[in-house]
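Listed below, chain by chain, are the residues.
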Amino acid sequence: LFTLAHEIGHLFIDLGWNPKSGLDKEPEETVLSVNFRDKDKQSETTDFSERVANQFAGSFLMPKDFVEEVISSGMTSEEKIREVSSVFRVTKKAAKNRLYVLGEVTYGE
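These numbers were taken from a predicted model, which means no experiment stands behind them. (Residues numbered from 1 in each chain as written. Predicted model: local features only at pLDDT ≥ 70, side-chain atom pairs only at ≥ 80, totals over all residues. Heavy atoms only, no water.)

Asker: What is the right way to look at the nonpolar core in this model?
Answerer: Looking at soluble globular proteins, one finds that nonpolar side chains tend to be buried together. In terms of nonpolar packing, the biggest core is built from 15 residues, with Leu 61, Met 62, Val 67, Val 84, Phe 88, Val 90 and Leu 99 touching the most fellow members. Those elements giving two or more residues to this core turn out to be helix 1 (2–14), helix 2 (48–61), helix 4 (77–88) and helix 5 (92–101). Ignoring anything within four residues of it in the chain, the contact list for Leu 99 reads Val 67, Ile 71, Lys 80, Ile 81, Val 84, Glu 104 and Val 105. (Core = buried A, V, L, I, M, F, W, Y, C linked by side-chain atoms within 4.5 Å. Buried < 20%, exposed > 50% of the residue type's maximum accessible area, 1.4 Å probe, protein only. Helix = DSSP H or I, 4+ residues; strand = E, 2+ residues; numbered from the N terminus. Contact = heavy atoms within 4.5 Å.)

In structure tokens:
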């Protein structure tokens, strides 16, 4: 799910795609290439476009208000990650990244 939302983010943000514009209005030489990220990659990306697409995907799949509804201050970081992963049906890595962005966990945990 995260990869799909990430790639949709590229369509909207990088390519400025508007669903109402219709594909027939695009230049014929325009080719859309979708390259899925390497899910086994060990290091975080520094590419701005990739980071923005990741932010879009996290926000799209795990809206801040809903994340805050499923976690509580009494939970450990691991419990928060597990709960967000389960409720939003994303990987634990995606859940941890979203919780990190929201200031709910730190990366050292």
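Asker: Any chance you could explain the packing of helix 4 against helix 5 here in plain terms?
Answerer: The description of two helices packed together rests on the angle between their axes and the distance between the axes. The N-to-C vectors of helix 4 and helix 5 enclose an angle of 115°; their axes lie 8 Å apart at closest approach. Viewed along their axes, helix 4 and helix 5 form a crossing whose handedness is right-handed. Residues Glu 78, Lys 80, Ile 81, Val 84 and Ser 85 of helix 4 form the contact with helix 5, whose own contacting residues are Lys 92, Ala 95, Lys 96 and Leu 99. The residue makeup of the contact of helix 4 with helix 5, split by class, is 4 nonpolar, 1 polar and 4 charged. (Axes fitted to C-alpha atoms, helices over the stretch in contact; angles between N-to-C directions. Left-handed = near helix turned anticlockwise from the far one by under 90°. Nonpolar A, V, L, I, M, F, W, Y, C, P; charged D, E, K, R; others polar.)

Asker: Explanation requested: the pattern of salt bridges in the structure shown.
Answerer: A pair can form between side chains of opposite charge whenever their charged atoms are brought close. Per the counting criterion, the structure on display carries 3 salt bridges. The partner of Lys 64 in a salt bridge is Glu 68, and the shortest N-O contact between them spans 3.2 Å. Residue Lys 64 and its partner Glu 68 are both found in helix 3 (residues 64–70); the two are separated by 4 residues, about one turn of the helix. We classify Lys 64 as partly exposed; its relative accessible area is 42%. (Salt bridge = Lys/Arg side-chain N within 4 Å of Asp/Glu carboxyl O.)

Asker: I would appreciate a short explanation of the confidence of the model for the chain in the present structure.
Answerer: A low pLDDT means the predicted coordinates there should not be read in detail. For the chain, per-residue confidence averages 79 on the pLDDT scale, and residues scoring 70 or more make up 71% of the total. Below pLDDT 50 for its whole length, residues 27–42 participates in 10 contacts with residues either more than four positions away or in separate chains. (pLDDT = per-residue confidence, 0-100.)

Asker: Explanation requested: the side chain of Arg 98 in the structure shown.
Answerer: Within the secondary structure, Arg 98 sits in helix 5. Separated by 3.4 Å, the side chain of Arg 98 and the backbone oxygen of Gly 58 make a polar contact. Each residue touching Arg 98, except ones within four places of it in the same chain, is listed here: Gln 55, Gly 58, Ser 59, Met 62, Pro 63 and Lys 64. (Polar contact = N/O pair within 3.5 Å; in protein donor to acceptor, adjacent residues only side chain to side chain.)

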